[in-house]
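Here's the letter readout for the chains.
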Amino acid sequence: MADKYRVKWTREETILAFDLYCKIPFAKITKSNKEIIELAHLLGRTPSSVGLKMANLAHFDPELQARNISGMSNASKLDAEIFSEFSQNWSELSYQAQQIKARLQNTTVEQIIEIDYVEENNNIPTGEYREQVMKARVGQYFFRTSVLAAYKNKCCVTGIALPNILIASHIKPWRDSDEKTERTNPSNGLCLNALHDKAFDKGLITLDKNYKIIHSKQLKETQMDEESRQWLQSYEGKQIILPDRFYPGKQFIEYHNDMVFKGN
């Protein structure tokens, strides 16, 4: 493939690279990654070039910096601007990226993202309201994809790796979250199996500041067979399986502790 050798990356190309950066584990940012190869083909660049751009963006990731992973040191001013702008507005990152991709592929956003998120909106008239609905659906798609990728498609409590029963759970509930900075922020998410997702959502379990699982008194006293009780109790006090990136935000955990968890 002919690469745009020495041709500067545009704002739109960098947005696409940052969107993909959020959706795959840092360890999988390689030229052999299928998704990187696909983006490279779309942009007319080499997989190595795309991988390098994503590594440049990683230079500004505060979570990686905290773990002494610095990414590449030759990041551009544009890289810094894109990271700063969209790490404060995750929903806009996901929506703009899908719009750019749709235009490059001569298709629509609806045809790009998973049908589960758009099929119910096919009859909504074109206009501002439809755009708002689509933006919300794209944000949900981005949130789920980014959270599950961060946890390597495994439940952070049990390690179950069955995508059909895995849920990207909000730590601070969606209804209470800021639209720009919290609703689609991957750090406001946990990858949980359906049972633990429901228990977390209803405040029957929570996390402490060290990411250890706490059970509520209500859950402990709920009637169940002894095998189920032992299974549930085996996870209490254990640290969750931490993600590759997008560690659960301490501010979101504190909110869940104070406003959602039913306590002991």
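Note that the coordinates shown come from a computational prediction; the quantities given were computed from them, not determined experimentally. (Residues numbered from 1 in each chain as written. Predicted model: local features only at pLDDT ≥ 70, side-chain atom pairs only at ≥ 80, totals over all residues. Heavy atoms only, no water.)

**Topic: the packing of helix H2 (residues 34–43) against helix H3 (residues 47–58)**
Closest axis-to-axis distance for the H2/H3 pair is 8 Å, and the angle between their directions is 110°. On the basis of their axis angle, the class for H2 and H3 is roughly perpendicular. Contacts from Ile36, Ile37, Leu39 and Ala40 of H2 reach H3 at Pro47, Val50, Gly51 and Met54. Its residues assigned to classes, the contact of H2 with H3 comprises 7 nonpolar, 1 polar and no charged. (Axes fitted to C-alpha atoms, helices over the stretch in contact; angles between N-to-C directions. Helix = DSSP H or I, 4+ residues; strand = E, 2+ residues; numbered from the N terminus. Parallel < 35°, antiparallel > 145°, perpendicular 65-115°, else oblique. Contact = heavy atoms within 4.5 Å. Nonpolar A, V, L, I, M, F, W, Y, C, P; charged D, E, K, R; others polar.)

**Some points on a nonpolar patch on the surface**
Where nonpolar side chains cluster on the molecular surface, the patch consists of Ile160, Leu162 and Ile165 and spans about 220 Å² of accessible area. Its place among the elements puts isoleucine 160 in the loop between helix H8 (128–150) and strand S1 (166–170). (Patch = residues over 30% accessible without salt bridge, like charges linked within 9 Å, V, L, I, M, F, W, Y side chains within 5 Å. Areas by Shrake-Rupley, 256 points an atom, 1.4 Å probe, with all protein chains shown as cover. Salt bridge = Lys/Arg side-chain N within 4 Å of Asp/Glu carboxyl O.)

**Describing the confidence of the model for the protein**
Detailed reading of the predicted model is not advised wherever pLDDT is low. For the protein, per-residue confidence averages 88 on the pLDDT scale, and residues scoring 70 or more make up 89% of the total. Here residues 115–122 is modelled with pLDDT under 50, and outside its nearest four sequence neighbours on either side it reaches 12 contacts, counting other chains as well. (pLDDT = per-residue confidence, 0-100.)

**Structural notes on the nonpolar core**
In this structure, Phe18, Tyr21, Met54, Leu190 and Ile240 are the most contacted members of the largest nonpolar core, which totals 55 residues. Among the elements that make up this core, the one with the highest residue count is helix H1 (residues 11–23) (7 residues). If we skip the residues at most four places from it in the chain, tyrosine 21 touches Phe26, Ile29, Met54, Ala58, Asp61, Leu64, Phe83 and Arg245. Judged by nonpolar contacts, the second largest core, of 7 residues, contains Tyr95, Val109, Ile113 and Val138. (Core = buried A, V, L, I, M, F, W, Y, C linked by side-chain atoms within 4.5 Å. Buried < 20%, exposed > 50% of the residue type's maximum accessible area, 1.4 Å probe, protein only.)

**Notes on the environment of serine 84**
Mapping serine 84 onto the fold places it in helix H5 (residues 77–86). For the pair formed by serine 84 and aspartate 61, sequence separation is 23 residues and the distance between their alpha carbons is 9.6 Å.

**Describing the pairing of strand S2 (residues 189–193)**
Counting buried residues in S2 gives 5 out of 5 residues, a clear majority hidden from the surface. The side-chain alternation of S2 yields two buried faces, one formed by Gly189, Cys191 and Asn193 and the other by Leu190 and Leu192. Pairing analysis gives 5 bridges linking S1 to S2, with the strands arranged antiparallel. What sits directly across from leucine 166, in S2, is asparagine 193. (Pairing = 2+ DSSP bridges.)

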